[in-house]
Amino acid sequence: MLRVYSCLTAEHDFRLVLVAAAICLLAAFTAFTIFEQARRATIRRWAWIGLAAFVAGTGIWATHFIAMLAYKPQLPMGYDFKLTALSIAAAMLITGGGWAAALRGRLQPTLIGGACVGAGISTMHYLGMAAVHLQGRFVWDPALVCVSIVLGVGFSALALAEHRRRPTLVPWRPALLFTLAICGMHFTAMAAASIVPDPRVAVPPAAMDDGTLTVAVAAMAVMILAIGFLMVLFDRKLTRNAIEEAQRLRTFADAAVEGLVVIDGDRIVDANRSFLRLAGYDSIDGAPGRLSELLIDVNTQTLSMSAEAAPLECRLMRADGHGLEVELLLRPLAWRGADLRILAVRDISERREAAERIAHLAFHDALTGLPNRAVFGEHLVRTIEKAAEAAEPVAVLCIDLDGFKAVNDIYGHPAGDALLVAAAQRIRAAVREHELVARLGGDEFAIIQAAGQQPEHAGLLAERVVAALAEPFSIGSETIRISGSIGVALFPADAAQPDALIKNADMALYRAKAEARGTARFYEAAMDEALRRRRQLEADLQQAIGRGELSVHYQPLADLESGRILGFEALLRWTHPRLGEVGPGTFIPLAEESGLILKLGAWVLREACTEAARWTPPLKLSVNLSPVQFAQNDLAGEVEGILAETGLDPARLDLEVTEGLLIKDPDRAISILERLKALGVTISMDDFGTGYSSLSYFRMFPFDKVKIDQSFIRDIANPQARAIIRSVIGLGRGLGMPVVAEGVETREQLDALRAEGCDQVQGYLISRPNPIAHFEGVVMDRSADVRQQWKLG
């Protein structure tokens, strides 16, 4: 070590030594900067390696020969040109191989590459020393020679290993280690050399002198400085580009809809604006530094250690303390030279809510929010299974809203929907907490009542529901009245299987609607066959028109005083191919319930008008209208069209309606009646005396005729019934309306009606309903003695 120190202080110009060290440090810094660029490059990597080899080789060479210029052996010196040129070529080639080996990135190739670079330093040095000519000869210390080579190789390997451990575009540490490798090797090798003067040895005239070498070294130094300056400019450009690229990446990341978080283990390195917005923070500085402080229900340590992870869902704890449902997606990321992870965070709260809504809609009615038919069926199965194990009863109540179709037709579907919602709320309010209420579809609801004392509890529940639905509904500005019919079936008394239990409750519901709407009925075994027959009859009625099974019969209407026939009432008859004659009292209610009455009513009106248009005496034609027909869109338009089609004078048509028409929606009914009367037809009040029989009806609408229900005529011998008949006749006389007595079957009834001053009569005493051919003498002969024919005198 003292020998090296003595060599530096006594045998060299220390100022040039410092210049050599500075040139060496600059070359080392430039070479490692170029090598880092080669490591990061994806194209032209070998061009960068070549430039690194050139800078490192010339730097080693320049350092060596500046130091040789500083060497003062006090003897004439010169330098062999060929060996000097060979030394710089060797430095470039051998160090280039070392840089190329280190480019692989792993530790072992890096150390081998460093050793190769160190070998290049040593080779250049000893070739350079071989190029020296002086009056004497060199004597080498083998130990110091070995030490010099070890220093060059060792520090070179350390320099490249340090750069691998901390890659950067400002490689100060590797550059200092590389400078130590060059300078340490050179001056240790110089200390190993001793000069033995020998006057016999002459410096060849062709050898380069110090001046020539100085020019060459200066040129190399200038070249290194130029390359270093260009690298500084290039580095500044790279830095500016990196800043711009980082800004572009930041802008791009902030523009992403998803939140993006760069993590190093559990540590948050960076995050985009979308993530900060999701988490409720203004900046990354204000956000927690650990991922585990933000994500709930997930192992962040395991997540951050994964190279990639399948999407998973968890909650993000926001700054306001509320949890947000998010989806995470992890991917690897090379970030500023480090192996990190990037986490995509997506807000799935709306998707989760939508999924919950879809799941709710799959099992609940969208309008009322009640469980739907699928849920009802599954719940009934489970309830029956538990009830069977516990030997407990189960009641199923099927509910149907009476008059709902008319509400839809009259007020429109929005009002109908509002009524369904209100009805559902009332039904739900009538049941206990553990009893399930479901909407099966349309205006059908059902209740499952488990356990309890049956049938008492089911009966009490049915009463509560019936009472709740009987109360008026306020829908918008309208007050609507409906009722609810209920059918009840019990497990295990009525059925052991869920499907059979529902079927039996449904049959009981049909019985309730048929017998008295707004009531409840329990299932009875006899209902099964009755319902089957009823449904078969309804199906047959659907086909009756097309099969020609329907016909119109006519019953005459006579003037009581003169006995003259005034007209006929058209009556629908059905001849069933298997059952024979089916009475109107059986099939008309079926037609009204099914809605088929609209088709039947139009058919009867058209057939009767067509027939009446051929009558040579212009007799009146009476046709009954069902209240259901008034619920259709344009009844008046239909009547007008049939009159025009058949050519019947409107004044000859008398339309008969019942008082029930005016109970549910009097305003709409009167509006339609006024439109009908405007056509020129007359309107009669049929079956007066039944129902409410309010006198206000005659104030609401100017009826042209009133017909006394036949039930009063049958009881005319009863003083109370006769008093009612007398009152109605007096009412008609006072209002200037003819009064018709229906169902006159005996001479005594006829005499009593004549005594009370009744105007017109109709019934079996006059004639039974018959096909129009039976009355050919009346409808085709003006001179017929009708009074004598029907014996009214």
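This one's a predicted model, so the numbers in the text were calculated from it and none came from an experiment.

Across all of its chains, the model carries seven aromatic pairs by this definition. Taking the centre distance of 5.6 Å and the plane angle of 65° together, the rings of Tyr126 and Trp140 count as edge-to-face. Taken together, the residues Tyr126 in helix 5 (residues 107–130) and Trp140 in strand 3 (residues 136–140) connect sequence positions 14 residues apart. Aromatic side chains Phe701 and Phe703 sit 5.1 Å apart centroid to centroid with 75° between the ring planes, which places their arrangement in the edge-to-face category.

This part covers the pattern of salt bridges. Counted under the stated rule, the structure contains 17 salt bridges. Residue Arg606 is joined to Glu645 by a salt bridge in which the shortest nitrogen-to-oxygen separation is 3.2 Å. Of this pair, Arg606 sits in helix 19 (residues 597–612) while Glu645 sits in helix 20 (residues 635–646), and the two are 39 residues apart along the sequence. Assessed through its relative accessible area of 31%, Arg606 is described here as partly exposed. One continuous salt-bridge network, built from bridges that share partners, spans Glu569, Glu656, Lys707 and Glu742.

Attention now moves to empty space enclosed by the protein. In this approach a probe as big as a water molecule rolls over the atoms, and the regions it shows empty are the leftover space. According to the stated counting rule, one finds one cavity of 30 Å³ or more in the structure shown. Lining the largest cavity, in full, are Ile60, Thr63, His64, Ile121, His125, Ile182, Met185 and His186. Elements that contribute at least two residues to the lining of the largest cavity include exactly helix 3 (45–70), helix 5 and helix 7 (172–191). Partitioned by chemical class, the residues of the lining of the largest cavity number four nonpolar, four polar and no charged.

Detailed reading of the predicted coordinates is not advisable wherever pLDDT is low. Per-residue pLDDT for the protein has a mean of 82; in total, 84% of the residues score no lower than 70. Taken as a whole, residues 1–6 scores under 50 in pLDDT and shows nine contacts with residues more than four places along the chain or in a different chain. pLDDT under 50 marks residues 782–791. Its contacts with residues more than four places away, or in other chains, come to 17 contacts.

So, on to the nonpolar core. If you look at the biggest cluster of nonpolar residues, it comprises 78 residues, and the most contacted ones within it are Leu621, Leu653, Leu676 and Phe703. Ranked by residue count, the leading element in this core is helix 19, at seven residues. In contact with Leu653, other than residues within four places in its own chain, are Leu605, Cys609, Lys620, Leu621, Val623, Val639, Leu643, Leu648, Val681 and Thr682. Listed in part, the 48 residues of the second largest apolar core include Ala20, Ala31, Ala53 and Ala102.

Here we take up helix 6 (residues 142–165). Given a rise of 1.5 Å per residue, 24 residues ought to cover 34 Å, and the 34 Å separating the end C-alpha atoms of helix 6 matches this to within 8%. Of all the positions in helix 6, only Leu144, Val145, Ser148, Gly152, Ser156, Ala157, Ala159, Leu160, Ala161, Glu162 and His163 are classed as buried. For helix 6, the N-terminal cap is Asp141; the gap from its side-chain oxygen to the backbone nitrogen of Ala143 is 3.0 Å.

Right, let's talk about helix 20 for a bit. An ideal rise of 1.5 Å per residue puts 16 Å on twelve residues; helix 20 measures up with 17 Å between its terminal C-alpha atoms. Those residues of helix 20 lying buried are Leu635, Ala636, Val639, Ile642, Leu643 and Thr646. Mapping the buried residues of helix 20 onto a view down its axis gives an arc of 130°, with all of them on the same face. Those residues of helix 20 that are exposed and angled more than 90 degrees off the buried face are Ala644 and Glu645. Looking at where helix 20 begins, the residue whose side-chain oxygen comes 2.9 Å from the main-chain nitrogen of Gly637 is Asp634.

Judged by pairing direction, the sheet is mixed, and its five strands sit side by side in the order 12-13-11-16-17 without closing on themselves. Where the open sheet ends on each side, the last strands, each with one partner, are strand 12 (436–441) and strand 17 (520–522). Put simply, the sheet's adjacent strands are angled 20° from each other on average, direction ignored. Pairing between strand 12 and strand 13 (residues 444–450): five bridges, direction antiparallel. Within the sheet, the bridge partner assigned to Val437 lies in strand 13 and is Ile447. In the packing of helix 14 (residues 413–430) onto the sheet, the strands contacted are strand 11 (394–402), strand 12 and strand 13, and the crossing angle to strand 13 comes to about 10°. Its contacts with the sheet place helix 15 (residues 456–470) against strand 11, strand 13, strand 16 (483–491) and strand 17, and it is angled at close to 165° to strand 16.

So, on to the packing of helix 20 against helix 22 (residues 666–678). Helix packing geometry: the angle between the two helix axes and the distance between the axes. One can describe the packing of helix 20 onto helix 22 by two numbers: an axis separation of 9 Å at closest approach and a directional angle of 20°. If you check the angle between helix 20 and helix 22, you find them roughly parallel. Considering the relative orientation of helix 20 and helix 22, their crossing is right-handed. Facing Leu635, Ala636, Gly637 and Val639 of helix 20, the residues of helix 22 in contact are Ile672, Arg675 and Leu676.

Residue position: Glu327 is located in strand 9 (residues 323–335). Those residues in contact with Glu327, other than ones at most four positions away along the chain, are Pro311, Leu312, Glu313, Ala344, Val345, Arg346, Ile348 and Arg351.

This paragraph deals with the packing of helix 25 (residues 719–735) against helix 26 (residues 747–756). Two numbers describe how helix 25 lies on helix 26: the axes approach to 10 Å, and their chain directions differ by 45°. Between helix 25 and helix 26, the angle falls in the class oblique. The element helix 25 and its partner helix 26 pack so that their crossing is right-handed. Each of Arg722, Ile725, Arg726, Ile729 and Arg733 in helix 25 lies in contact with helix 26, whose residues at this interface are Ala752, Leu753, Ala755 and Glu756. Looking at the contact of helix 25 with helix 26 residue by residue, the classes come out as five nonpolar, no polar and four charged.

Conventions we followed
Positions within a chain are numbered from 1, following the residues in the order the chain's sequence is written. Residues qualify for local features only when their pLDDT is at least 70, as the model is predicted, and side-chain atom pairs are given and counted only at 80 or more; totals for whole chains, interfaces and linings, by contrast, use all residues. Water and hydrogen atoms were dropped before computing side-chain values, which therefore reflect all heavy atoms in the structure. Only Phe, Tyr and Trp rings take part, Trp by its six-membered ring, and two of them pair if their centres are within 6.5 Å. Stacked means planes under 30 degrees apart, edge-to-face means over 60, and tilted covers everything else. Secondary structure elements follow DSSP: runs of H or I no shorter than four residues count as helices, runs of E no shorter than two count as strands, and numbering proceeds from the N terminus. Salt bridges, as used here, are contacts in which a Lys or Arg side-chain nitrogen is within 4 Å of a carboxyl oxygen on Asp or Glu. Each residue gets one of three labels from its accessible area relative to the maximum for its type: buried under 20%, exposed over 50%, partly exposed in between, using a 1.4 Å probe on protein chains only. Throughout, the protein atoms alone are placed on a 1 Å grid, and a set of points is a cavity if a 1.4 Å probe fits but cannot get out or a pocket if it is open with protein on both sides within 12 Å along at least five of seven lines; lining residues have an atom within 4 Å of a point. Grid points are joined across faces, edges and corners, and a volume is the space filled by probe spheres set on the points. All amino acids are sorted into three groups, where Ala, Val, Leu, Ile, Met, Phe, Trp, Tyr, Cys and Pro are nonpolar, Asp, Glu, Lys and Arg are charged, and the leftover types, Gly among them, are polar. Per-residue confidence from the prediction method is given by pLDDT, with values spanning 0 to 100. Contact definition: two residues touch when any of their heavy atoms are within 4.5 Å. To qualify as a nonpolar core, a set must consist of buried Ala, Val, Leu, Ile, Met, Phe, Trp, Tyr and Cys residues joined through side-chain atoms within 4.5 Å. How far a helix is expected to stretch is found by multiplying one less than its residue total by 1.5 Å. As used in this structure description, the phrase polar contact means that two N or O atoms lie within 3.5 Å; if the pair is within protein, one of them must be able to donate a hydrogen and the other to accept it, and residues adjacent in sequence are counted only when both atoms belong to side chains. Relevant arc is that of directions from the helix axis to the C-beta atoms, nothing else. DSSP calls a pair of strands paired once it identifies at least 2 bridges connecting them. Between N-to-C directions, angles cover 0 to 180 degrees, with each direction set by a line fitted to C-alpha atoms, over the stretch in contact for helices. When an angle is under 35 degrees it counts as roughly parallel; over 145 it counts as roughly antiparallel; between 65 and 115 it counts as roughly perpendicular; any other value is oblique. Crossing handedness: left-handed means the near helix sits turned counterclockwise from the far one by under a right angle, and right-handed means the same turn made clockwise.

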